[in-house]
2 protein chains.
Amino acid sequence: MREARRLPRGVAVVGAGMSRFGVFRDLTGRELFARAYQAMGASIDKGWEPGEIDAIYVGNYSSELFEAQGHTAPIAADAVGLVPRPATRIENACASGGSAIRQGVMAIASGMAEVVLVGGVERMSGLNTVQVTDALAAAGDTLYEMAAGFTFPGVFAAMATAYMHRYGMRPEHLMNVAIKNHANGALNPKAQFTMTIQEIMTRRIAAAEQNGQPLPLWKNEMDFLHDDTSNPVIAWPLRLFDCTPISDGGACILLTAEERAADFTDKPIYIIGSGQASDTALAEHTDLAGLRAGQLAAQAAYAMAEVKASEIRLAEVHDCFTIAEIVASEDIGFFEPGTGYRMVEDGVTARDGARPINTSGGLKTKGHPVGATGVAQVVEIWEQMRGEAGARQVKGDIPLALTHNLGGTGATCVVHIFERR
Amino acid sequence: MREARRLPRGVAVVGAGMSRFGVFRDLTGRELFARAYQAMGASIDKGWEPGEIDAIYVGNYSSELFEAQGHTAPIAADAVGLVPRPATRIENACASGGSAIRQGVMAIASGMAEVVLVGGVERMSGLNTVQVTDALAAAGDTLYEMAAGFTFPGVFAAMATAYMHRYGMRPEHLMNVAIKNHANGALNPKAQFTMTIQEIMTRRIAAAEQNGQPLPLWKNEMDFLHDDTSNPVIAWPLRLFDCTPISDGGACILLTAEERAADFTDKPIYIIGSGQASDTALAEHTDLAGLRAGQLAAQAAYAMAEVKASEIRLAEVHDCFTIAEIVASEDIGFFEPGTGYRMVEDGVTARDGARPINTSGGLKTKGHPVGATGVAQVVEIWEQMRGEAGARQVKGDIPLALTHNLGGTGATCVVHIFERR
């Protein structure tokens with residue numbers, strides 16, 4: 001692959017916003033997209049004209065399966081008044097948003113567009129849990145994974161057991177990820193879940209007391225997370241709190257050529273690296289304790305950006321399950337293979353740690369409307385790098401940050417690197 | 001929109017091939033993609049190495065609905081051994097293939113890739129006709145078209161009646177399109193339908209004779225096409241032979257930077273114009289006798305290429321229904337609005353006419369595996385421009401040619417212009 005090079009034309013993010021993530025049965029996908037678009041518009045410091053947009057990319061996994069609506073991009077463009085601009089849907093399962101950003105970067109770098117809207121959207125709550133599980137399983141390999149009953153909780157449970165076997169990780173280490181991400185998400189007004197594990201536990205105890213039920217014996221969060229009633233096993237070792245919820249939501253960012261950025265803001269963030277890789281479905285992998293697509297996408301992004309993993313201050317990574325965050329933190333080179341789980345335990349990836357991961361709450365707590373996720377990751381990077389993340393704000397300068405967006409059973413990964421000058 | 005400009009870096013097509021189109025219930029989408037990939041590889045004059053490919057784009061409308069398989073691009077890439085290269089699915093309904101080509105052009109023009117595989121695939125025959133009609137209807141606007149029963153035959157029938165009312169066209173003029181495209185398709189070994197209307201008619205008469213049934217009274221093709229038994233009304237004025245079939249198939253082309261083309265062939269064709277536009281769904285259109293997305297996409301492509309419609313020798317246009325070809329021939333500026341149907345009648349768009357349209361047989365006869373269609377159009381252009389179209393070959397030089405790929409109920413159109421130097 002010959003993509004290890006700087007972009008021929010610099011690309012800047014000059015606006016970013018998202019709808020709240022959650023369950024919104026009274027909103028369609030196009031309405032969620034419109035809410036994200038409005039939030040993005042409101043984020044543009046110097047004001048703007050929608051007429052400046054040259055092209056639209058929409059990351060979406062499967063509006064067909066979730067809403068019986070294909071041809072998603074012009075529907076979204078129409079919903080926000082951007083017809084007749086070219087609008088294109090990008091689908092790479094849960095990495096659709098990341099791949100859409102990559103197409104936006106190319107559109108600008110190619111000179112074929114100056115201002116590009118990149119959005120992501122998914123409206124999943126119209127289906128029940130079994131239907132959603134089936135719809136998502138189609139992002140794996142239908143013939144060799146789904147047909148064998150290998151749906152996503154099982155896929156990531158297999159990764160977790162492989163990782164545990166090789167590196168000595170215990171289920172408690174996965175729980176650390178959930179505790180950390182709930183702590184972050186509780187500070188994110190756009191997040192689906194707004195409570196820390198501690199708060200959830202305290203509420204349940206209070207409810208039991210009020211209803212005259214026997215009081216749970218939880219002394220701390222770990223007790224709560226080990227309890228098969230409060231945190232049932234989904235696919236061992238993964239329990240309910242190891243899994244992302246079913247979510248509705250949208251996210252939008254506005255990209256422009258570096259030389260145009262000052263028209264929109266004095267505080268742009270620059271995309272200096274973009275890497276994407278494909279892989280076989282997980283069923284064909286020989287190593288389940290890491291994902292090659294993640295490693296290669298990160299390497300390609302670092303090579304293009306000409307920076308090292310050690311220079312990145314924080315990252316939003318694809319924690320569709322708690323194990324996925326640990327594996328991702330190693331795949332992007334933050335930590336050596338087999339050490340990521342200890343970094344969570346030691347607080348290194350906490351908001352006030354040396355290498356914060358998923359300050360937004362991650363997919364786990366913020367929610368995971370799959371096509372929106374890759375774009376929403378950039379919304380967090382935008383707020384953090386500009387010092388606008390409120391109670392979640394990481395201390396000190398953030399000159400470099402990274403997003404890692406995974407699709408399917410590891411068959412796509414997209415990594416972007418952002419710079420604040 | 002600021003895309004009216006020459007590409008910053010020239011892009012050449014250096015290989016093109018397709019699977020046969022038809023009904024192949026024993027083949028999966030990935031297998032059809034692999035067949036197209038093999039045919040493309042065989043078309044490369046100087047040989048090549050798959051390892052040279054930097055990126056893959058796959059046009060696909062809805063493998064989720066047709067095959068319960070999402071995440072289509074890495075599945076396709078894996079099927080032909082191209083993992084771990086970045087692979088991305090592009091969805092714009094029936095214009096998915098055209099939009100995929102456009103992304104391939106941008107990938108090269110941006111300098112982020114040197115050699116790009118663009119494929120398209122759809123495997124539709126796993127569903128029955130009603131299911132396929134529903135799946136395709138999701139490419140319109142589910143809320144405002146599909147919910148009102150406005151499926152595709154009805155959509156294009158509405159366009160046909162509007163056109164007839166305004167311009168005086170009669171159903172016979174639509175039949176002329178079918179007769180012409182069957183004549184072309186009968187000469188295309190990759191086409192789904194291999195007989196002219198005359199041959200189909202003659203066979204049916206012979207079969208009736210053999211079975212001792214009353215002989216049909218058809219004197220010519222028009223009699224056959226007017227007969228409600230041999231050519232039943234689907235959505236008036238559209239009859240069976242006005243509609244594309246349900247098809248399985250794949251197509252692939254190989255793109256590279258202009259300066260690299262000679263590594264692959266001494267007879268490349270160059271992409272000098274790319275235009276794409278979006279629109280509202282048809283239900284919101286005030287004018288049904290033309291499609292604005294088609295007009296704008298063509299204008300953008302001509303502006304980038306710096307050529308006029310009158311300079312284009314031949315075109316492959318999106319004849320999902322016979323009326324669509326007539327409207328497209330006007331939208332791309334070949335003919336004045338309201339005159340296209342007479343050009344078919346006068347033989348202007350025939351293979352030996354002044355402005356041949358759909359020498360491949362078009363979607364009507366070649367078949368319409370929807371995600372593959374936009375790429376398969378380029379396969380025909382490739383063969384025609386290089387003088388390799390066999391019995392279908394248009395006489396004389398073809399310095400400039402065009403593809404027109406429509407999606408949904410007119411909400412996307414992509415036009416590309418090709419040059420042979």
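Residues numbered from 1 in each chain as written. Chains lettered and ligands numbered in written order. Predicted model: local features only at pLDDT ≥ 70, side-chain atom pairs only at ≥ 80, totals over all residues. Heavy atoms only, no water.

1. Examining the overall build of chain A
Part 1 of the argument: A tally of regular secondary structure across chain A gives 14 helices and 11 strands.
Part 2 of the argument: What you see for chain A is a C-alpha radius of gyration of 20 Å, in line with the 22 Å of a compact globule of 421 residues.
Part 3 of the argument: With respect to the three principal axes, the spread of C-alpha positions in chain A is 65 × 45 × 45 Å.
Part 4 of the argument: Per-residue burial for chain A yields a buried fraction of 67% across its 421 residues. (Helix = DSSP H or I, 4+ residues; strand = E, 2+ residues; numbered from the N terminus. Rg over C-alpha atoms; globule rule 2.2 N^0.38 Å. Buried < 20%, exposed > 50% of the residue type's maximum accessible area, 1.4 Å probe, protein only.)

2. A word on the environment of Gly347 of chain B
Residues and elements named next belong to chain B.
Part 1 of the argument: Looking at the element boundaries, Gly347 is found in the loop between helix H12 (340-345) and helix H13 (362-366).
Part 2 of the argument: Among the residues examined, Gly347 registers a relative accessible area of 24% and is labelled partly exposed.
Part 3 of the argument: Sequence-wise, Gly347 and Val177 are 170 residues apart; in three dimensions their C-alpha atoms are separated by 9.9 Å.

3. Concerning the interface of chain A and chain B
Part 1 of the argument: Across the contact, 71 residues belong to chain A and 71 residues belong to chain B.
Part 2 of the argument: Taken together, the two surfaces of chain A and chain B that pack against each other cover about 5,300 Å², and 53% of this comes from carbon and sulfur.
Part 3 of the argument: At the boundary of chain A with chain B, the tally comes to 6 salt bridges.
Part 4 of the argument: A salt bridge links Arg89 of chain B to Glu91 of chain A, with the shortest nitrogen-to-oxygen separation between them at 2.8 Å.
Part 5 of the argument: Linking chain A with chain B are 38 residue pairs in polar contact (both at pLDDT 80 or more), by the criterion used here.
Part 6 of the argument: Among the elements of the structure, helix H2 (63-67), helix H3 (72-79), strand E3 (87-91), helix H4 (96-109), strand E8 (269-278) and helix H10 (292-305) of chain A are those that each provide at least two residues to the side of chain A that touches chain B.
Part 7 of the argument: The element best represented in the side of chain A that touches chain B is H4 of chain A, accounting for 7 residues.
Part 8 of the argument: Along the lines of polarity and charge, the residues of the side of chain A that touches chain B split into 31 nonpolar, 21 polar and 19 charged.
Part 9 of the argument: Judged from the 3 bridges that link them, E3 of chain A and strand E3 (residues 87-91) of chain B form a sheet pairing that is antiparallel. The residue bridging Ile90 of chain A from the neighbouring strand is Ile90 of chain B, located in E3 of chain B. (Contact = heavy atoms within 4.5 Å. Buried area = accessible area lost by both parts, 1.4 Å probe. Salt bridge = Lys/Arg side-chain N within 4 Å of Asp/Glu carboxyl O. Polar contact = N/O pair within 3.5 Å; in protein donor to acceptor, adjacent residues only side chain to side chain. Nonpolar A, V, L, I, M, F, W, Y, C, P; charged D, E, K, R; others polar. Pairing = 2+ DSSP bridges.)

4. A word on the relation of the copies chain A and chain B
Part 1 of the argument: By a simple turn and slide, chain A fits onto chain B: the slide is 0.0 Å along the axis, the RMSD is 0.0 Å, and the turn is 180°. Here the symmetry operator amounts to a two-fold rotation axis. No C-alpha of chain A lies nearer the rotation axis than that of Ser110 of chain A, which sits 1.9 Å from it.
Part 2 of the argument: The residues that chain A uses at the interface reappear at the interface of chain B in 100% of cases, marking a shared surface. (Least-squares fit on C-alpha atoms with pLDDT ≥ 70 in both.)

5. Here we look at the pattern of salt bridges
Part 1 of the argument: Under the defined criterion, the tally for this structure stands at 44 salt bridges over all chains.
Part 2 of the argument: Taken together, the shared-partner salt bridges in this structure form one network comprising Glu64, Arg89 and Glu91 of chain A together with Glu64, Arg89 and Glu91 of chain B.

6. A short note on the packing of aromatic side chains
Part 1 of the argument: With the rule as written, the count across this model stands at 18 aromatic pairs over all chains.
Part 2 of the argument: Between Tyr163 of chain A and Tyr341 of chain A, the aromatic rings sit 5.9 Å apart at their centres with planes inclined by 90°, giving edge-to-face as the arrangement. With Tyr163 of chain A in helix H6 (residues 152-167) and Tyr341 of chain A in helix H12 (residues 340-345), this residue pair connects regions lying 178 residues apart in the sequence.
Part 3 of the argument: When its relative accessible area of 6% is taken as the criterion, Tyr341 of chain A is described as buried.
Part 4 of the argument: Relative to Phe156 of chain B, the ring of Phe152 of chain B has its centre 6.3 Å away and its plane inclined at 25°; by these criteria the two rings are stacked. Here Phe152 of chain B pairs with Phe156 of chain B, and both are found in helix H6 (residues 152-167), just 4 residues apart, close to one helical turn.
Part 5 of the argument: For Phe156 of chain B, a relative accessible area of 1% puts it in the buried group.
Part 6 of the argument: Ring-pair connections join several aromatic residues into one group, and the members of that group are Phe152, Phe156 and Phe321 of chain A.
Part 7 of the argument: One cation-aromatic arrangement involves Arg355 of chain B over Phe334 of chain B; the distance from NZ or CZ to the ring centre is 3.9 Å.
Part 8 of the argument: A cation over an aromatic ring shows up here: Arg421 of chain B above the ring of Tyr270 of chain B, its NZ or CZ 3.8 Å from the ring centre. (Phe/Tyr/Trp six-rings, centres within 6.5 Å; stacked < 30°, edge-to-face > 60°. Lys NZ or Arg CZ within 6 Å of the ring centre and 35° of its normal.)

7. Quick notes on the packing of H6 of chain A against helix H11 (residues 322-331) of chain A
All names here are of chain A.
Part 1 of the argument: Remark: H6 packs on H11, axes separated minimally by 9 Å, with the N-to-C direction vectors making an angle of 60°. As judged from the angle between their axes, H6 and H11 are oblique. Here the hand of the crossing between H6 and H11 comes out left-handed. Residues Phe156, Met159, Ala160 and Tyr163 of H6 pack against Ile323, Ala324, Ile326, Val327 and Glu330 of H11.
Part 2 of the argument: In terms of residue class, the contact of H6 with H11 is made up of 8 nonpolar, no polar and 1 charged. (Axes fitted to C-alpha atoms, helices over the stretch in contact; angles between N-to-C directions. Parallel < 35°, antiparallel > 145°, perpendicular 65-115°, else oblique. Left-handed = near helix turned anticlockwise from the far one by under 90°.)

8. A few points about the environment of Thr196 of chain A
Residue and element names in this part refer to chain A.
Part 1 of the argument: Note on placement: Thr196 falls in the loop between helix H7 (171-185) and helix H8 (197-210).
Part 2 of the argument: Each C-alpha atom of the pair Thr196 and Ile179 lies 7.0 Å from the other, and the pair is 17 residues apart in sequence.
Part 3 of the argument: Not counting residues up to four positions away in its chain, the partners in contact with Thr196 are His182, Ala183 and Ala186.

9. Structural notes on the pairing of strand E4 (residues 115-123) of chain A
Looking down a regular strand, the side chains alternate between one sheet face and the other.
Residue and element names in this part refer to chain A.
Part 1 of the argument: Within E4, 9 of the 9 residues are buried, which leaves the element mostly enclosed by the surrounding structure.
Part 2 of the argument: Neither face of E4 is open: one carries Val115, Leu117, Gly119, Val121 and Arg123, the other Val116, Val118, Gly120 and Glu122, and all of them are buried.
Part 3 of the argument: Across 5 bridges, the pairing between strand E2 (residues 55-59) and E4 is parallel. Pairing of Val58 across the sheet is with Gly119, part of E4.
Part 4 of the argument: Pairing analysis gives 9 bridges linking E4 to strand E7 (residues 248-257), with the strands arranged antiparallel. Looking at the pairing, Val121 lines up with Gly250 of E7.

10. Details of helix H5 (residues 129-137) of chain B
Residue and element names in this part refer to chain B.
Part 1 of the argument: Looking only at H5, the buried set comprises Val132, Ala135, Leu136 and Ala137.
Part 2 of the argument: Residues of H5 that are buried in the fold lie against helix H2 (63-67), H6 and helix H14 (370-385).
Part 3 of the argument: Capping the start of H5 is the job of one residue whose side-chain oxygen sits 3.1 Å from the backbone nitrogen of Val130: Asn128.

11. With respect to the pairing of strand E8 (residues 269-278) of chain B
Residue and element names in this part refer to chain B.
Part 1 of the argument: The buried fraction of E8 is high, at 10 of 10 residues.
Part 2 of the argument: The pairing of strand E1 (residues 11-18) with E8 spans 3 bridges and is antiparallel. Residue pairing in the sheet places Val11 in a bridge with Ile271 of E8.
Part 3 of the argument: By the bridge criterion, 8 bridges tie E8 to strand E11 (residues 412-419) in an arrangement that is antiparallel. Following the sheet pairing, Gly275 is matched in E11 by Val415.

12. A short note on the confidence of the model for chain A
Part 1 of the argument: Confidence along chain A averages 96 in pLDDT terms, with 99% of residues attaining 70 or more.
Part 2 of the argument: As scored by the predictor, the complex reaches a pTM of 0.97 and an ipTM of 0.97. (pLDDT = per-residue confidence, 0-100.)

13. Comments concerning the state of the cysteines
Part 1 of the argument: Scanning the entire structure with this criterion turns up 0 disulfides over all chains.
Part 2 of the argument: Distance from the sulfur of Cys243 of chain A, which forms no disulfide, to the nearest cysteine sulfur (Cys320 of chain A) is 9.4 Å.
Part 3 of the argument: Assessed through its relative accessible area of 11%, Cys243 of chain A is described here as buried.
Part 4 of the argument: No disulfide involves Cys252 of chain B; its sulfur sits 18 Å from that of Cys94 of chain B, the nearest cysteine.
Part 5 of the argument: The buried category is assigned to Cys252 of chain B, whose relative accessible area is 0%. (Disulfide = S-S within 2.5 Å.)

14. Concerning the environment of Glu259 of chain A
All names here are of chain A.
Part 1 of the argument: Tracing the backbone through its elements, the reader meets Glu259 in the loop between E7 and E8.
Part 2 of the argument: For Glu259, a relative accessible area of 53% gives the class exposed.
Part 3 of the argument: A distance of 3.0 Å separates the side chain of Glu259 from the side chain of Arg9, its partner in a polar contact.

15. Some details on the packing of helix H4 (residues 96-109) of chain B against H14 of chain B
Residue and element names in this part refer to chain B.
Part 1 of the argument: It is the contact of H4 with H14, at a shortest axis distance of 5 Å, that shows an interaxial angle of 60°. One finds that H4 runs oblique with respect to H14. In this structure, H4 uses Ser96, Gly97, Gly98 and Ile101 to contact H14, whose residues at the interface are Gly371, Gly374, Val375 and Val378.
Part 2 of the argument: Class assignment of the residues belonging to the contact of H4 with H14 gives a composition of 3 nonpolar, 5 polar and no charged.

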